[in-house]
Amino acid sequence: MSKIEQTIENLVKAPVPMQASSKPLGLFLQWFGVTVIATGVMAAFMTMRPDLATQMTSPVFIGEVLSLFLLTVTTAIVAVFLCYPDLRQKPNIVYLPLVPLAVFMAFCVYRLLYPESTVVPPPDKVHGIDCAMCISVFAVLPGFWMFHILRRQATTHPKWAGAVSLLAAASIGMFMLKFIEPNDSVLHLLQWHVMPSLMLAGIGVLLGKKFLSW
Amino acid sequence: MASAIGGDKRAYDLVLQAISSRLLAALSKKLPPKDRDDVVQEILLSVHKARHTYEPTRPLMPWVMAIARYRLSDYWRKHYGQALDRTVDIDDMKDILPTDVTKDLDTSEDIRRIMPTLPQKQQEILDLMYRQDKSVQEVAGLLNMTVSAVKVAAHRGYKAFRKRLKE
């Protein structure tokens, strides 16, 4: 009997009946539920920006908030599909977050072209590392939970899955900071919101390699 | 596969047999024969481990091949990693190395020792050609000799030099 036949015989002897994993929508809703609760609890301890009511009437602000929300949702969807070895045979889904990302960047370009649409606080009230810390705090639980979901499945792209998971979690932070941080300067957004999120995604690559390989 | 996941051992056996034969065929040209069975075994174990992620309404082979690619990239990473780490002990090579390279080096001391033992003419020719880097024509002009005579004398001097170096 060859080694392969022996292996098959051993595998067939093992207890076969098992519960199939949840569908992508189920996994996404599970993550989204945990994220909404965690973010809601954390937001309760934060102070909202003083001009929030005014900003809510600005189409640029609403557009940015929506694009960041969609970035969170789409990156989470990609992470959920990366749970499955064959991405549920939808390989092009990995490009989905590029759409809201492009929309968000378009709003950044608009703010650069029309600076009067941008609120910049006085220099003594400009935040820096605080924003990066805040994004990280918001990202901890959603990121951890996505890793927990991914570890129960069988991703064949551990580094990508790690990166996308933490990017989804960081997007939550970027989304929430729009309601908290009174600085809409594009340079500030890129330096202290986007760059830390990309760094978190880089950390996700390392964590994915370590914890999601199987 | 759906009935196999549901607990039908016979169906599971058939599925794994079919997968293994497809994998052996697919990997026959990609892997060295000695490693092929081991890689197929690894893939079968991974299929077993990840079987809960299979969606019964979708085709099976793309799912299996995604796992196979993952395991194959693991295999190649390990294979090339080992190749980079592989070292050869110089003592294991001494029988096939032509000479002991650390012992038979021609040193300047050897040259200084042997040169005076050669005939005067050969000493002059070798000195001009190999120390002062003159061409055969230049040496012939300097020593008032024909080019062919210089070549013959240089060859003889070189041969004598080599013979004394080996003694």
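That block above? That's the structure.
Cut-offs used in this document
Residues numbered from 1 in each chain as written. Chains lettered and ligands numbered in written order. Predicted model: local features only at pLDDT ≥ 70, side-chain atom pairs only at ≥ 80, totals over all residues. Heavy atoms only, no water. 1 Å grid on protein atoms, 1.4 Å probe; cavity = no way out; pocket = protein on both sides within 12 Å on 5 of 7 lines; lining within 4 Å. Points joined across faces, edges and corners; volume = space filled by probe spheres on them. Nonpolar A, V, L, I, M, F, W, Y, C, P; charged D, E, K, R; others polar. Salt bridge = Lys/Arg side-chain N within 4 Å of Asp/Glu carboxyl O. Helix = DSSP H or I, 4+ residues; strand = E, 2+ residues; numbered from the N terminus. Buried < 20%, exposed > 50% of the residue type's maximum accessible area, 1.4 Å probe, protein only. Contact = heavy atoms within 4.5 Å. Buried area = accessible area lost by both parts, 1.4 Å probe. Polar contact = N/O pair within 3.5 Å; in protein donor to acceptor, adjacent residues only side chain to side chain.

Explain empty space enclosed by the protein here, please?
Rolling a probe over the atoms, with the probe sized like a water molecule, indicates the empty space that remains. Following the criterion strictly, the structure yields one cavity of 30 Å³ or more and no others. Estimated volume of the largest cavity: approximately 30 Å³. Lining the largest cavity are Asp86(A), Arg88(A), Gln89(A), Thr53(B), Tyr54(B), Glu55(B), Arg58(B) and Trp63(B). Tallied by class, residues from the lining of the largest cavity come to two nonpolar, two polar and four charged.

How do you make sense of the pattern of salt bridges when you look at a structure like this?
Side-chain pairs of opposite charge can arise where the charged atoms are in close proximity. As enumerated under the stated definition, the model contains 13 salt bridges over all chains in all. One salt bridge connects Lys3(A) with Asp38(B), and the closest N-O pair in it is separated by 2.6 Å. Within this pair, whereas Lys3(A) is found in helix α1 (residues 3-13), its partner Asp38(B) is found in helix α3 (residues 33-49), the two belonging to separate chains. For Lys3(A), a relative accessible area of 43% corresponds to the partly exposed category. Measuring nitrogen to oxygen at the nearest pair gives 2.8 Å for the salt bridge that ties Arg49(A) to Asp51(A). Classification of Asp51(A) as buried rests on a relative accessible area of 17%. Residues joined in a network through salt bridges with shared partners are Arg49(A), Asp51(A), Glu64(A), Arg111(A), Lys178(A) and Asp184(A).

Any chance you could explain the interface of chain B and chain A here in plain terms?
A common way to report how large an interface is uses the accessible area buried once the components associate. Counting residues at the interface gives 33 residues for chain B, matched by 31 residues for chain A. Across the interface of chain B and chain A, roughly 2,900 Å² is buried in total on both sides, 64% from carbon and sulfur atoms. If you sort the residues of chain B by the area they bury against chain A, His52(B), Arg58(B) and Tyr70(B) come out on top, with a joint share of 23%. Joining chain B to chain A, the criterion identifies three salt bridges. Of the charged contacts in the structure, one is a salt bridge between Glu55(B) and Arg88(A), with a shortest N-O distance of 2.9 Å. Where chain B touches chain A, the interface holds ten residue pairs in polar contact (both at pLDDT 80 or more). Those elements that place two or more of their residues in the side of chain B that touches chain A are α1 (2-5), α2 (9-27), α3 and α4 (60-85) of chain B. It is α3(B) that provides the largest number of residues to the side of chain B that touches chain A, a total of nine residues.

These figures come from the coordinates and say nothing about function on their own.
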